[in-house]
Amino acid sequence: MSTYDYDLFVIGAGSGGVRAARLTALDGKRVAIAEEHRVGGTCVIRGCVPKKFMVMASDFSHQFETARGYGWTVDASFDWKTFLEHKDVEIARLSGIYAANLGKAGVELVHGRAVLKDAHTVEIVGKGRTITAERILIATGGRPWVPEGLPGIEHAITSEEAFHLPELPKRILIAGGGYIAVEFAGIFAGLGVETTLVYRGPNLLRGFDDDVRAHLAGEIEKRGIKVVLASQHERIERTDAGLISLLDNGLTIETDVVMFATGRIPYVKGLGLEAAGVALTEAGAIRVDGHSRTTAPNIWAIGDVTDRINLTPVAIREAVAFHKTVYRDTPSRIDYEAVATAVFSQPPVGTVGLSEGEARRACTDGVDVYVSRFRPMKYAFTGSDERMLVKLVVDAGSQRVVGVHLVGPDAPEIIQLAAVAVKAGLTKGQWDATCAVHPTVAEELVTLREKQTPSQMAG
Ligand code: NDP
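The shown structure was predicted, so the numbers you read here are calculated from the model rather than taken from an experiment.

Peer 1: Help me understand the overall build of the chain, please; the structure alone is not making it clear to me.
Peer 2: Helix and strand counts for the chain stand at 14 helices and 21 strands. Considering only C-alpha atoms, the chain reaches an extent of 70 × 65 × 45 Å along its principal axes. Looking at the chain as a whole, 51% of its 459 residues qualify as buried. Nonlocal contacts in the chain, meaning residues at least 24 apart in sequence, comprise 62% of its contacts between residues at least 6 apart. Across the chain, 50 positive and 56 negative side-chain charges occur, with their mean positions spaced 4 Å apart.

Here it is as structure tokens:
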């Protein structure tokens, strides 16, 4: 019998921490988990889940437009407060389920902030409680990052506050060009807010396939979002009329709300890592090996705090691998190749595998590229010129499909299954041997026959 209070103490009850705690407790181990906010973490409380509700709420305006083309008369209005109320009830329900499941598995939930005192001891701040554990798992996630030195940054909000705005603003400016910036720009524009997106780079979604980036920028402008590229804030001022953003290109933009979506950083501040011998990477994430073990031999870390791939399903897999490695005597690593991802912009993006640029660097025999841009059938009656992008990137030597990139309706749903084929290493011939499902947008994935020629690529 161990002399510690617990076999495992988990810090952070988000997607990763909860999964690891439950699996370990279900094995009969003594497990406690600390959470300083609400059980569920970023994904459930202030990320994926409430964000998706907001995307769905916002997308109705687009659906109503489409419906008019089909003969419907739509006289719709939107009430932000009703939406917030319903969203908050559902988030509370989900958080309750997470907490109940911890209880059912026999995990003790400790409400409070846990700080490491040494490699086996945590203190629950302000509660006068000290707990020891044989092993500790850090799963504290991430926090929004904003440029602290920017004059007037205190007037800006982040995504955390965007979930609870007391009123829907008339005008919003969103700074950033990543996932959160484009998702919230779509949300607010769809809800009728005059939306401006300001990004410092030449095009949105750095790291994604260039055709996806170009296509999405065009499509979101069609939805009424003003996109200002190659520009950064110099300062933000509050006046009687609202907030004024002064940009380095000389532009001055007046809005009611300024939201910074300029990235998230690992949440390690004040955690006592040094006292426990846990080292950070240069970028400020917890340094871990392939099994998620930190530089302290009895302490592990998973999820966004390790800044590997910052997605909920990845954190959950890291939790499962941790449990197998430590408590099932089966050393496990997770495979970070070909993890599919979706950006819930409007229209949304689904992507898996290599961008064309990455494939050109990785495939020694070159790449074949297949691209289709077309108007989805759904918009035939609406006069909308919204276009879908379907792109396959194929390793010319092996003929394996190494990248799939979609922008358009249902892209996040479609990419889940495309990811199975990419993960399985199927060839373009095998994709083509799969009979199409007609009429769908997804059928393009198995009917693309014409390789892009160099002149089309240049154009
Ligand atoms: P991202 O890293 O995706 O984007 C941050 C953006 O901020 C980039 O466009 C970046 O520009 C810009 N930026 C950084 N620093 C500055 C600065 N000083 N001034 C101006 N702009 C700046 O972060 P997000 O916050 O959007 O999302 C965080 C992570 O959360 C994502 O990477 C993803 O892993 C996860 N996430 C996943 C979602 C999903 O699965 N649908 C949804 C939301 C988040 P540059 O590109 O030039 O560096």
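Next comes the rest of the description.
Peer 1: What is the right way to look at the sheet that holds strand 21 (residues 401-407) in this model?
Peer 2: Through backbone hydrogen bonds, the strands of a sheet pair up, either in parallel or in antiparallel fashion. The 5 strands lie next to each other as 17-18-21-20-19, forming an open sheet whose pairing is antiparallel. The strands lining the two open edges of the sheet, one partner per strand, are strand 17 (341-343) and strand 19 (367-374). Each neighbouring strand pair of the sheet contributes to a mean axis angle of 10°, computed without reference to strand direction. Examined bridge by bridge, strand 18 (residues 349-353) and strand 21 share 5 bridges and lie antiparallel to one another. Residue pairing across strands places Thr351 opposite His405, the latter belonging to strand 21.

Peer 1: Whenever I open this one, the sheet that holds strand 14 (residues 257-260) confuses me. Can you help?
Peer 2: As summarised here, the arrangement of the 4 strands in space is 10-9-8-14, forming an open sheet in which the pairing is parallel. In this open sheet, the two edge strands, each paired with only one partner strand, are strand 10 (226-228) and strand 14. Within the sheet, the average angular offset between the axes of one strand and its neighbour, ignoring direction, is 20°. Taken together, the 5 bridges between strand 8 (residues 171-175) and strand 9 (residues 194-198) define a ladder with parallel strand orientation. From the neighbouring strand, Arg171 faces strand 9, where its bridge partner is Glu194.

Peer 1: How do you make sense of the packing of helix 3 (residues 48-69) against helix 4 (residues 80-105) when you look at a structure like this?
Peer 2: For any two helices packed against each other, one specifies the crossing angle of their axes together with the interaxial distance. Between helix 3 and helix 4, the least distance of the axes is 10 Å, while the angle of their chain directions is 150°. In this structure, helix 3 crosses over helix 4, and the sense of that crossing is right-handed. From helix 3, Val49, Pro50, Phe53, Met54 and Ala57 reach across to helix 4, where they touch Trp80, Phe83, Lys87, Glu90, Ile91 and Leu94.

Peer 1: Can you help me understand empty space enclosed by the protein in this one?
Peer 2: Taking a probe equal in size to a water molecule and rolling it over the atoms shows the remaining empty space. Tallying each qualifying case throughout the model produces 1 cavity of 30 Å³ or more. A volume near 50 Å³ is recorded for the largest cavity. What lines the largest cavity is Pro144, Trp145, Thr158, Ser159, Ile180, Phe260, Ala261, Thr262, Gly263 and Arg264. When the residues that make up the lining of the largest cavity are grouped by side-chain class, the tally is 5 nonpolar, 4 polar and 1 charged.

Peer 1: Could you clarify how one ought to interpret the side chain of Thr255 in this entry?
Peer 2: Locating Thr255 in the fold gives a position in strand 13 (residues 252-255). Thr255 gets classed as buried once you look at its relative accessible area, which sits at 1%. A polar contact is formed between the side chain of Thr255 and the backbone oxygen of Val257, at a distance of 3.4 Å. Those residues in contact with Thr255 that sit more than four places away from it in its chain are Arg171, Ile172, Leu173, Gly242 and Leu243.

Peer 1: Is there a simple way to think about the nonpolar core in this case?
Peer 2: Side chains that are nonpolar tend, in soluble globular proteins, to be buried together. Membership of the largest hydrophobic core comes to 48 residues, with the highest contact counts inside it found for Ile174, Phe184, Phe188, Leu197, Leu204 and Met259. The greatest single-element share of this core, amounting to 7 residues, is contributed by helix 6 (residues 179-190). Dropping the residues within four chain positions of it, Ile174 is found in contact with Ala181, Phe184, Ala185, Phe188, Thr195, Thr196, Leu197, Val198, Met259 and Ala261. Ranked by size, the runner-up nonpolar core spans 25 residues in total, among them Phe9, Ile11, Ala133 and Ala296.

Thresholds applied
- Residues numbered from 1 in each chain as written.
- Predicted model: local features only at pLDDT ≥ 70, side-chain atom pairs only at ≥ 80, totals over all residues.
- Heavy atoms only, no water.
- Helix = DSSP H or I, 4+ residues; strand = E, 2+ residues; numbered from the N terminus.
- Buried < 20%, exposed > 50% of the residue type's maximum accessible area, 1.4 Å probe, protein only.
- Contact = heavy atoms within 4.5 Å.
- Lys, Arg positive; Asp, Glu negative; His and termini not counted.
- Charge placed at Lys NZ, Arg CZ, Asp CG, Glu CD.
- Pairing = 2+ DSSP bridges.
- Axes fitted to C-alpha atoms, helices over the stretch in contact; angles between N-to-C directions.
- Left-handed = near helix turned anticlockwise from the far one by under 90°.
- 1 Å grid on protein atoms, 1.4 Å probe; cavity = no way out; pocket = protein on both sides within 12 Å on 5 of 7 lines; lining within 4 Å.
- Points joined across faces, edges and corners; volume = space filled by probe spheres on them.
- Nonpolar A, V, L, I, M, F, W, Y, C, P; charged D, E, K, R; others polar.
- Polar contact = N/O pair within 3.5 Å; in protein donor to acceptor, adjacent residues only side chain to side chain.
- Core = buried A, V, L, I, M, F, W, Y, C linked by side-chain atoms within 4.5 Å.

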